[in-house]
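Structural overview for review
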Amino acid sequence: MAVTGTHLAPGGGAERIPLQIAAFMARKDTPGVAVVERIGDKVRLTGAVTTTTLLEHIIGGS
């Protein structure tokens, strides 16, 4: 996945996604991002990534 604008685009490998989300959050100065699923013209909110959960994931917290 590669961060493009305000979404993740295919390419780059799953292990890079957390760091790409962190970079996006730093650029936009936001404490969280929405996780959405797009099917055709419909968009469904499936979750969120917060600064806390992202840091826990990256540094191996609980």
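This one's a predicted model, so the numbers in the text were calculated from it and none came from an experiment.

Overview of the confidence of the model for the protein
- Taken residue by residue, the protein gives an average pLDDT of 80. The fraction at 70 or more is 76%.
- The secondary structure element of the protein with the lowest average pLDDT is strand β1 (residues 2–4), at 44, and the one with the highest is helix α2 (residues 51–59), at 90.

Overview of unusual backbone geometry
- One non-glycine residue, D29, lies in the positive phi region at around 50 degrees.
- Of note, D29 is situated in the loop between α1 (17–28) and β3 (32–39).
- Taking the relative accessible area as the measure of exposure, D29 reaches 72% and is therefore exposed.

Observations regarding a nonpolar patch on the surface
- A surface patch of nonpolar side chains, amounting to about 320 Å² of accessible area, comprises L19, I58 and I59.
- With respect to the secondary-structure elements, I59 resides in helix α2.
- What makes I59 exposed here is its relative accessible area of 68%.

Notes on α1
- Taking 1.5 Å as the rise per residue, α1 with 12 residues should run 16 Å; its terminal C-alpha atoms sit 16 Å apart, in good agreement.
- For α1, the set of buried residues is P18, Q20, I21, F24 and M25. Around the axis of α1, the buried residues are gathered within 160 degrees of arc, so they sit on the same side. Those residues of α1 that are exposed and angled more than 90 degrees off the buried face are L19, A26 and R27.

Considerations on the nonpolar core
- Counting residues in each nonpolar core, the largest one holds 6 residues, listed as I21, F24, M25, V33, V49 and L54.
- Ranked by residues supplied to this core, first place goes to α1 with 3 residues.

Re the environment of E37
- Relative to the helices and strands, E37 resides in strand β3.
- Leaving out residues up to four positions away in the same chain, E37 has contacts with K42, V43, R44 and T46.
- Polar side-chain contacts of E37 include one of 2.7 Å to the side chain of R44.

Here we look at the environment of P31
- Inspection of the secondary structure puts P31 in the loop between α1 and β3.
- Residue P31 is classed as exposed on the basis of its relative accessible area of 60%.
- Placed 21 residues apart in sequence, P31 and T52 show a C-alpha to C-alpha distance of 8.6 Å.
- Excluding residues within four positions of it along the chain, P31 makes contact with M25, V49, T50 and T51.

What counts and how
Residues numbered from 1 in each chain as written. Predicted model: local features only at pLDDT ≥ 70, side-chain atom pairs only at ≥ 80, totals over all residues. Heavy atoms only, no water. pLDDT = per-residue confidence, 0-100. Helix = DSSP H or I, 4+ residues; strand = E, 2+ residues; numbered from the N terminus. Buried < 20%, exposed > 50% of the residue type's maximum accessible area, 1.4 Å probe, protein only. Patch = residues over 30% accessible without salt bridge, like charges linked within 9 Å, V, L, I, M, F, W, Y side chains within 5 Å. Areas by Shrake-Rupley, 256 points an atom, 1.4 Å probe, with all protein chains shown as cover. Salt bridge = Lys/Arg side-chain N within 4 Å of Asp/Glu carboxyl O. Expected span 1.5 Å × (residues − 1). Arc of directions from axis to C-beta. Core = buried A, V, L, I, M, F, W, Y, C linked by side-chain atoms within 4.5 Å. Contact = heavy atoms within 4.5 Å. Polar contact = N/O pair within 3.5 Å; in protein donor to acceptor, adjacent residues only side chain to side chain.

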